[in-house]
Amino acid sequence: MGEEEKGGGEVVEILIKTVNEIASISDYRYTVKKQYCNLARRLKLLIPMLEEIRDIKDSIIPQQTLKALVMLKQALDCAKDLLMFGSEGSKIYLVLEREQIMNKYHEVTAKLEQALSGISCESLDISDEVKEQVELVLAQFRRAKGRVDANDVELHEDLLSLYNKTHDSASDLAVLRRLCEKLQLMGISDLTLESLALHEMVAATGDPEESIEKMSMLLKKIKDFVQTENPNLEAPAREKNLPPSGSGQAIVDGSHQMPVIPDDFRCPISLELMKDPVIVSTGQTYERSCIEKWLGARHDTCPKTQQKLTSTALTPNYVLRSLIAQWCEANGIEPPKRPSSSGTITQIKILLHKLTSGCLEDQRSATGEIRLLAKHNADNRVAIAQAGAIPLLVGLLSTPDPRIQEHAITALLNLSICEDNKGSIVSAGAVRGIVHVLKKGSMAARENAAATLFSLSVVDENKVTIGSLGAIPPLVTLLSEGSQRGKKDAATALFNLCIYQGNKGRAVRAGVVLTLMSLLTETGGRMVDEALAILAILASHPEGKATIGAAEAVPVLVEVIRNGSPRNRENAAAVLVHLCSGDQKHMVEAQELGVMGPLVDLAQNGTDRGKRKAQQLLECISRFLEQQNHSQAQTEAPIEQPQPSSMANSGDS
């Protein structure tokens, strides 16, 4: 059945699933981190709209909107592929092909904007709050489409310089050191994953041999430098035999050619093709069952390198698993069967036992692996929750160990992607623990705590619970003091929470207005969209209106109406409408600052909502000016002298 033949509800379910999968991608490569984090954050904001559309009967959804939803699905699929590559792809490739990568990013952004523009929120009777949220996302897409961010030119030039030089020099060492630091290729695990990423790209894209050789040579130079700087590191074996695209050897057996299993795909213990590859602390990869037997025999060293293991944690090697499956398919071999669900459940039970062991090392490794299991697989999220992990993870939110705490909050974030888990997380008392992390955790933990609150607040009842349990003040603090990602996560959570009327006063009393005003005026203006969107919601609340007015917001709002983006002009006008309603002081101030001309322009050329808000303001200010002129005319009219009465006249005669 074609996409357009599916019902609206079915398409929307697919859209929600795709956005949730995008939200589960936790990190991006240095070179694309800013743009890709912004894109993922914007897409998460679409969930409330999609959930409202899901509840509408198919017969009510206009055909044009259904077509737009299908277009949005195609655009989201492209966005997911792009973001996955930005999270797991080759770091070297992302630098060398930076123009191609950014062109693809702008292409995806344009597709998303086009699809969203075709969804008529008016005809679907979407709530005003959600409509404003969607319009905010659209405005951000339009701004991103027209913006060209300066990539790290030095990084690109360093790689080209390194490739073109055939001899070592002191300057080369400085270049190599810079590259290792910026690309975060500092240890054996980093180098191994980069090698695998290159290998996977070859298999998936069939990239030309010359390009792959170029990147492999660069990786070898970086590896040699890292080993020189750190002599105790074992060289990653995977970089020694990276085959160019299309190459391969086979053993001839009669009339059949039996493909040779690449060494990369064999477990170093069993020498068999790996089914469930996992990474140990030295960076080496083994078949899970083999390394578990090794560890179960009380060995504490890496079988291949003989290095002492710093941890017994086993990290699933999803990249290699995917690469093995692609190699099997290309060679006509049945891919190795993934571990059975019973095996996964057994693994989860072992991890939960470690969570309750009281041993910090066990808890650290177990929370880390649960975090990864919940990140990559929807079935795992259900299985982990059903096994009883949520209360245990909630209990670890108050641990003094920062690494365990970060793993626990991130695991809960990943688990919350599953709709059924949201209620379980809140019921387990997680909100108090999340608030504790927001106040006391590392910056990375605080960022993920804010993102978790956003995910949970998609459910309306949770907005009430989260607000009542003290989450808003630490979110405001993160919005003020956090990293750029932290500010974005805090703003997204606050916007969602303040859709509920009862949380608006809490946010105002927590000082959010002054924070938002500072974001409006900070150099670079990276948070202007979010700040104005939140102010537009708060201005409808009496406390919000009073506090915004007292913060001397009118000059800033007038400036945005004069020179801002279409969506920001619209939100600034919406705030000003509330301020001027029944308040002559703000009306006079806006009029004296020259707001009338920009309002006339907005009423003619703005967004639909912007035009309405501008027209409201123009009518309001015009009525006020007419009253002022009328009062002034009455005050300035000459006083007439009284005429002599007829009685007086008769008396004079």
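Look above for the structure.
No experiment lies behind these values; they were computed from the predicted model shown. (Residues numbered from 1 in each chain as written. Predicted model: local features only at pLDDT ≥ 70, side-chain atom pairs only at ≥ 80, totals over all residues. Heavy atoms only, no water.)

Trainee: How do you make sense of the packing of helix α24 (residues 472-481) against helix α27 (residues 512-521) when you look at a structure like this?
Mentor: Working note: a packed helix pair is described by the angle between its axes plus the distance between those axes. One way to put it is that α24 packs onto α27 with a least axis distance of 10 Å and a crossing angle of 20 degrees. In this view, α24 runs roughly parallel relative to α27, as classed from their interaxial angle. You can see that α24 and α27 cross each other, and the crossing is left-handed. Across the interface between the two elements, V476, L479 and S480 from α24 touch V512, T515, L516 and L519 from α27. Across the contact of α24 with α27, the residue classes tally to five nonpolar, two polar and no charged. (Axes fitted to C-alpha atoms, helices over the stretch in contact; angles between N-to-C directions. Helix = DSSP H or I, 4+ residues; strand = E, 2+ residues; numbered from the N terminus. Parallel < 35°, antiparallel > 145°, perpendicular 65-115°, else oblique. Left-handed = near helix turned anticlockwise from the far one by under 90°. Contact = heavy atoms within 4.5 Å. Nonpolar A, V, L, I, M, F, W, Y, C, P; charged D, E, K, R; others polar.)

Trainee: Help me understand the nonpolar core, please; the structure alone is not making it clear to me.
Mentor: In summary, soluble globular proteins display a tendency toward joint burial of nonpolar side chains. The biggest cluster of nonpolar side chains holds 168 residues, and the ones touching the most others in it are L112, L116, L538 and L576. In this structure, L576 is in contact with V554, L557, I561, A590, V595 and L617, ignoring residues within four places of it in sequence. (Core = buried A, V, L, I, M, F, W, Y, C linked by side-chain atoms within 4.5 Å. Buried < 20%, exposed > 50% of the residue type's maximum accessible area, 1.4 Å probe, protein only.)

Trainee: Is there a simple way to explain helix α14 (residues 318-330) in this structure?
Mentor: Because each turn of an α-helix spans 3.6 residues, side chains separated by three or four positions in sequence point in the same direction. With 13 residues, α14 should cover 18 Å at 1.5 Å per step; its first-to-last C-alpha distance of 18 Å lies within 8% of that length. Three or more residues of α14 are buried, namely Y318, V319, L320, R321, L323, I324, W327 and C328. Two residues or fewer after α14 comes G332, characterised by a positive phi angle close to 70 degrees. (Expected span 1.5 Å × (residues − 1).)

Trainee: What should I look at first to understand the pattern of salt bridges in this one?
Mentor: In a structure, side chains of opposite charge can pair up when their charged atoms sit close to one another. All told, the structure shown has 27 salt bridges when counted by the stated rule. A salt bridge links R609 to E132; the shortest N-O distance between them is 3.0 Å. A residue pair is termed long-range when its members are at least 10 positions apart, and R609 in helix α34 (residues 608-636) and E132 in helix α8 (residues 128-146) qualify at 477 residues. Here the two residues R609 and E132 agree in accessibility, since each one is buried. Salt-bridge contacts for K422 lead to E419; the nearest nitrogen and oxygen are separated by 3.7 Å. Residue K422 and its partner E419 are located together in helix α20 (residues 419-427), separated by three residues, close to a single helical turn. (Salt bridge = Lys/Arg side-chain N within 4 Å of Asp/Glu carboxyl O.)

Trainee: Quick question: what am I supposed to make of the packing of aromatic side chains here?
Mentor: The description of an aromatic ring pair rests on the distance of the ring centres and on the angle between the ring planes. Throughout the structure, instances matching the rule amount to four aromatic pairs. Ring geometry for Y28 and Y36: centres 5.9 Å apart, planes at 80 degrees, overall edge-to-face. Across the pair, Y36 and Y28 agree in class, each one buried. Ring centres 5.7 Å apart and planes at 85 degrees place the aromatic pair F85 and Y93 in the edge-to-face group. With a relative accessible area of 27%, F85 lands in the partly exposed category. Among the residues examined, Y93 registers a relative accessible area of 8% and is labelled buried. Joined through ring pairs, the aromatic side chains of Y28, Y36 and Y105 make up one cluster. (Phe/Tyr/Trp six-rings, centres within 6.5 Å; stacked < 30°, edge-to-face > 60°.)

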